[in-house]
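Below, each chain spelled out in residue letters.
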Amino acid sequence: MLYPSSAKDREILGYFWVRQVHCSNPACRVLIPVVNQTWLANKSSRRIAYRIKPNAQRTGIEYSLHYDDEIDFDPKEATYGNNKLLCPCCGEVTPGKYMRVEGMAGRIEQELVLACEVSSQQQGRFYRLANDTDRNAWRRAVEMAASVIPIEGDVSPDRPSGNARGLSAVTRYGMLKFADFFNARQTVTLDAFARTIRATREEIAKSGESVEALRGLTNHDIAVRFQAVHFGGRTMPQTASETNRRVSLRIPPEDKALLMRAAALEQTNLTEFMVRASLEAARGTIHRAERLALSERDSLAVLDLLENPPAPNARLVAAAGGLPDHQ
Ligand SMILES: [Zn+2]
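Here the structure is a predicted model, which means the values were calculated and not measured.

Explain the packing of helix α6 (residues 253-265) against helix α7 (residues 270-307) here, please?
For any two helices packed against each other, one specifies the inter-axial angle together with the distance between the axes. Two numbers describe how α6 lies on α7: the axes approach to 9 Å, and their chain directions differ by 95°. As far as their axial angle goes, α7 and α6 are roughly perpendicular. Side by side, α6 and α7 meet where L259, M260, A262 and A263 of the first sit next to L270, F273 and M274 of the second. A per-class count over the contact of α6 with α7 returns 7 nonpolar, no polar and no charged.

Structure, rendered in structure tokens:
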């Protein structure tokens, strides 16, 4: 399981990770989470925040979750602000420039801190501290990601990121490659996704359509076909004829007997029973296909933005020029 939840009715909505930089105090060197605020919810009805604090020996960091009146600290005062990192263990202030040097040297680490879940029984989001089950699932994702071999012609994790030049701040922290933007679990998911799309293209091609015609398909078309290929048998969907109001089908007599019995129990006729039941099934199928198409469209939109970031507007350029350590 790549996304284990804490209970049967719960599902993982997301994880909170922190990036960590070593304290610049040579006597300390504790890994400090780089966090500018720790609010998780800040509404009058519900307030949740987590706390970053030193362990008893001041040799590492601990986290705790707090609700409503238990929040007796300022979640806006975390470890990072104004391009400076404050060490909760020794009080040393690590400058942003040092953090970038650490990043370029590949010494920025990351840690899983919280999991956020949703429930099928109750409304709202449920936060909890990350546990060993979460960390084991993560290790499994790392193992799986190590065996991901990029598909030729698709997104290559080693390619310089589209953000590798210009004003982008992340490159100054050593995030140079496309893969640096995704963690192992995301890599595994993206890879599975890319392979599924690829396999669908191949299945469609096998069904007799020319590869040239496939090139013209939009990703939405592909997603619809994916649904047809994987859930609807080998036959491609037929174009519906608007004038044809009749449907005829051939079914084994025992199936027909079953349907007639069910129709009788519902006190309706065979036609009405079949139309109602199949319309219900059809709506479900279309709903699932649309969900698939939408999630695919959104993922591709993210990939596209990463590859072709829009040009910075005047305000972003001005903001970047105003950074204290801008080079
Ligand atoms: Zn320190």
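For this particular structure, what's the right way to read the sheet that holds strand β9 (residues 109-119)?
Here we have 4 strands laid out as an open sheet, ordered β2-β1-β9-β10, and antiparallel in their pairing. The two strands at the open ends of the sheet, each matched to only one other strand, are β2 (31-33) and β10 (125-129). Within this sheet the neighbouring strands show an average axis-to-axis angle of 35°, counted without direction. In the sheet, strand β1 (residues 10-22) pairs with β2 via 3 bridges, with the strands oriented antiparallel.

Is there a simple way to explain the sheet that holds strand β8 (residues 93-95) in this structure?
Within a sheet, adjacent strands bond to each other through the backbone by hydrogen bonds, running parallel or antiparallel. With antiparallel pairing, the 3 strands of this open sheet are ordered in space as β6-β7-β8. Looking at strand neighbours, the two that pair on one side only are β6 (80-81) and β8, the edges of this open sheet. Pairing of β6 with strand β7 (residues 84-86), which is carried by 2 bridges, proceeds in the antiparallel orientation. Across the sheet, the residue bridging to Y80 is L85, located in β7.

When you look at the nonpolar core in this model, what are you seeing that I'm missing?
With 12 residues, the main nonpolar core is built from V21, C23, V30, I32, I52, I61, A78, Y80, L85, C87, C89 and M99. What A78 contacts, discounting residues up to four positions off in sequence, is V35, N36, Q37, T38 and I52. Core analysis: the second largest hydrophobic core is formed by 7 residues, V18, I48, L114 and A115 among them.

What should I look at first to understand the environment of N55 in this one?
Tracing the chain through its elements places N55 in the loop between β4 (47-54) and β5 (61-67). N55 sits in the exposed class, given 12 other C-beta atoms within 10 Å. With residues up to four places along the chain from it excluded, the contact list for N55 reads G60, I61 and E62.

Honestly, unusual backbone geometry in this entry has me stumped. Any pointers?
What you tend to see is this: most non-glycine residues have negative phi, and most peptide bonds are trans. A positive phi angle is found at R29, which is not glycine, with a value near 60°. By secondary structure assignment, the location of R29 is in the loop between β1 and β2. The exposure class of R29 is partly exposed, given the 15 C-beta atoms found within 10 Å. One non-glycine residue, D68, lies in the positive phi region at around 45°. Position of D68 relative to the elements: it lies in the loop between β5 and β6.

Would you explain helix α2 (residues 132-146) in this entry?
For the α-helix, the turn length of 3.6 residues means that residues three or four positions removed from each other point alike. Taking 1.5 Å of rise per residue, the 15 residues of α2 would be expected to cover 21 Å, and the 21 Å separating its terminal C-alpha atoms lies within 8% of that figure. Of the residues making up α2, those classed as buried are D134, A137 and A145. Taken down its axis, α2 places every buried residue within 80° of arc, on the same side. Residues of α2 that are exposed and angled more than 90 degrees away from the buried face: D132, R135, N136, R139, E143 and A146.

Looking at this model, I keep getting lost on the pairing of β9. Mind explaining?
Remember that side chains alternate between the two faces of the sheet whenever the strand is regular. As defined by bridge partners, β1 adjoins β9 across 10 bridges and the pair is classed as antiparallel. Within the sheet, the bridge partner assigned to R19 lies in β9 and is Q110. With 5 bridges connecting them, β9 and β10 associate as antiparallel partners. For A115, the partnering residue across the bridge sits in β10 and is R128. Between β9 and β10, which follow one another and run antiparallel, lie 5 residues, and G124 among them has a positive phi close to 100°.

Cut-offs used in this document
Sequence order as written defines residue numbering, which begins from 1 separately in each chain. Reporting of local features is limited, given that this is a predicted model, to residues whose pLDDT is at least 70; pairs of side-chain atoms are given and counted only at 80 or more, and all residues count toward the totals for whole chains, interfaces and linings. To get an axis, a line is fitted to the C-alpha atoms, and for a helix only the part in contact is used. The angle between two axes follows their N-to-C directions and goes from 0 to 180 degrees. Helix and strand labels come from DSSP, where a helix needs a run of H or I of at least four residues and a strand needs a run of E of at least two; each type is numbered from the N terminus. The cut-offs work like this: below 35 degrees is roughly parallel, past 145 is roughly antiparallel, 65 to 115 is roughly perpendicular, and the gaps in between are oblique. In this description, any two residues whose backbone-derived C-beta atoms lie within 7 Å of each other are considered to be in contact. Polar here means any residue outside two lists: the nonpolar Ala, Val, Leu, Ile, Met, Phe, Trp, Tyr, Cys and Pro, and the charged Asp, Glu, Lys and Arg; Gly therefore counts as polar. The pairing criterion is simple: DSSP has to find at least two bridges between the two strands. Note on terminology: a nonpolar core is any set of buried Ala, Val, Leu, Ile, Met, Phe, Trp, Tyr and Cys residues joined through C-beta atoms within 7 Å. Any residue surrounded by 20 or more other C-beta atoms within 10 Å of its C-beta is treated as buried, while 12 or fewer makes it exposed and the intermediate range makes it partly exposed; C-beta atoms here are placed from the backbone. Take the number of residues in a helix, subtract one, and multiply by 1.5 Å to get its expected span. When we speak of the arc, we mean the arc of directions from the helix axis to the C-beta atoms.

So, to be careful, I would describe these as geometric facts and stop short of saying anything about function.
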